[in-house]
Amino acid sequence: MSAFPEVVELNVGGTAYAVSLKTLLAEEGSWLQDTFGGGSPPPDLPVDARGHYFIDRDGGLFRHVLDYLRDPARYTVPIGFLERDRLRREAEHYRLAGLIELLGKQVPGCITVGYRGSFQFGRDGLADVKFRKITRLLVHGRVALCREVFGDTLNESRDPDHGGSDRYTARFFLKHVFIEQAFDMLQEQGFRLVASCGSGTAGSVSENLKPGVDTEENRWNHYNEFVFVRD
């Protein structure tokens, strides 16, 4: 006979939970089953001042652990979820093999990165020096995937949220202009480059330039796009 009641009150990292004993014991071989499935509470399981069993782990992420345990066959990682790696560490601690496997699966999709740039020529006797000048890195794709890859570096100010994160947008851009950093972030998330295209340089110079626009730089304006895919 179990020493625990049918409804177990927990304190996980300072967050209170009330969960059925059946849910805690749902996965065979898990830390939760070993801890709460015995005839008496383990001697190393602390109790807080209110008498709740205390687990010194991330309280916020434990909600996802419970969601998975309640219905493992139908649980899916939330769209746009940015704490996949942290949740995986929690799953490893609780020895939840099914959740670990689920978190290892990445959502397939496509992201396009584009930029308009020019070559900035040296001055003061350094006319032979050329620098790549990028004004903005544009990001196109499904909102959830863009947020997953670029996180806090994604600027959404030109695309206010008009719906769910499962929609598509062509109005995101990055808060930095380091294209190599964007490529690194895509590679780290399992994306690979499949196509690219770009306009030509050395185009004609408009006679009606905006104030402050350098005539020589304007001559070398170009636009490039890079398409990344994750299978």
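Each value, and the rule that gives it
Position numbers for residues count from 1 along each chain, tracking the sequence in the order it is written. Since the coordinates come from a predicted model, pLDDT governs what is reported: local features require at least 70, and pairs of side-chain atoms require 80 or more to be given and counted, while whole-chain, interface and lining totals use all residues. Hydrogens and water are ignored here; the side-chain numbers use all heavy atoms of the structure. UniProt positions are given in the numbering used here, feature names are shortened, and annotations may be inferred rather than shown by experiment. Any carboxyl oxygen of Asp or Glu within 4 Å of a side-chain nitrogen of Lys or Arg constitutes a salt bridge here. Each helix corresponds to a stretch of at least 4 residues labelled H or I by DSSP, and each strand to a stretch of at least 2 residues labelled E; elements are numbered beginning at the N terminus. Burial classes follow relative accessibility: with a 1.4 Å probe on protein chains only, a residue under 20% of its type's maximum area counts as buried, one over 50% as exposed, and anything between as partly exposed. Strand pairing is assigned whenever DSSP detects at least two bridges linking the two strands. The axes are straight lines fitted to the C-alpha atoms, using for helices just the contacting stretch, and the angles between their N-to-C directions are given from 0 to 180°. Here a residue-residue contact requires only that any non-hydrogen atoms of the pair lie within 4.5 Å. Identification of polar contacts relies on pairs of N or O atoms within 3.5 Å, with a donor-acceptor requirement for protein atoms, meaning one able to donate a hydrogen and the other able to accept it, and with residues adjacent in sequence counted only if both atoms are side-chain atoms.

- Per an unreviewed UniProt entry, the protein carries the name BTB domain-containing protein and comes from Anopheles merus.
- The Function (unreviewed entry) comment attached to the protein in UniProt states, word for word, "Auxiliary subunit of GABA-B receptors that determine the pharmacology and kinetics of the receptor response. Increases agonist potency and markedly alter the G-protein signaling of the receptors by accelerating onset and promoting desensitization."

What about the pattern of salt bridges?
Here is step 1 of the chain: Counted by the stated rule, this structure contains 12 salt bridges.
Here is step 2 of the chain: Between R86 and D58 there is a salt bridge, with its nearest N and O atoms 2.4 Å apart. Taken as a pair, R86 in helix α4 (residues 84-94) and D58 in the loop between β3 (53-55) and α3 (62-70) lie far apart in primary sequence, 28 residues in all.
Here is step 3 of the chain: Given the relative accessible area of 35%, R86 is considered partly exposed.
Here is step 4 of the chain: Its relative accessible area of 21% is what places D58 among the partly exposed residues.
Here is step 5 of the chain: Salt-bridge contacts for D67 lead to R70; the nearest nitrogen and oxygen are separated by 3.3 Å. Of this pair, D67 and R70 are both found in helix α3, three residues apart, which corresponds to roughly one turn of the helix.
Here is step 6 of the chain: When salt bridges that share partners are traced, they join D58, E83 and R86 into one network.

As for the sheet that holds strand β2 (residues 15-20)
Here is step 1 of the chain: Strand order in the open sheet formed by three strands is β2-β1-β3, and the pairing between neighbours is mixed. The open sheet is flanked by β2 and β3, the only strands paired with a single partner. Here the strands of the sheet are splayed against their neighbours by 35° on average, with no regard to which way each runs.
Here is step 2 of the chain: Across three bridges, the pairing between strand β1 (residues 7-12) and β3 is parallel. Residue pairing for β3: N11 is matched across the bridge by F54.
Here is step 3 of the chain: On top of the sheet, α3 reaches β1 and β2; it is set at about 10° to β2, its chief contact.

Topic: the environment of D34
Here is step 1 of the chain: By the secondary structure assignment, D34 is in helix α2 (residues 31-36).
Here is step 2 of the chain: Taking the C-alpha atoms as reference points, D34 and L24, separated by 10 residues in sequence, lie 9.8 Å from one another.
Here is step 3 of the chain: Not counting residues up to four positions away in its chain, the partners in contact with D34 are G29 and R95.
Here is step 4 of the chain: Looking at D34, its side chain comes within polar contact range of the side chain of R95, at 2.2 Å.

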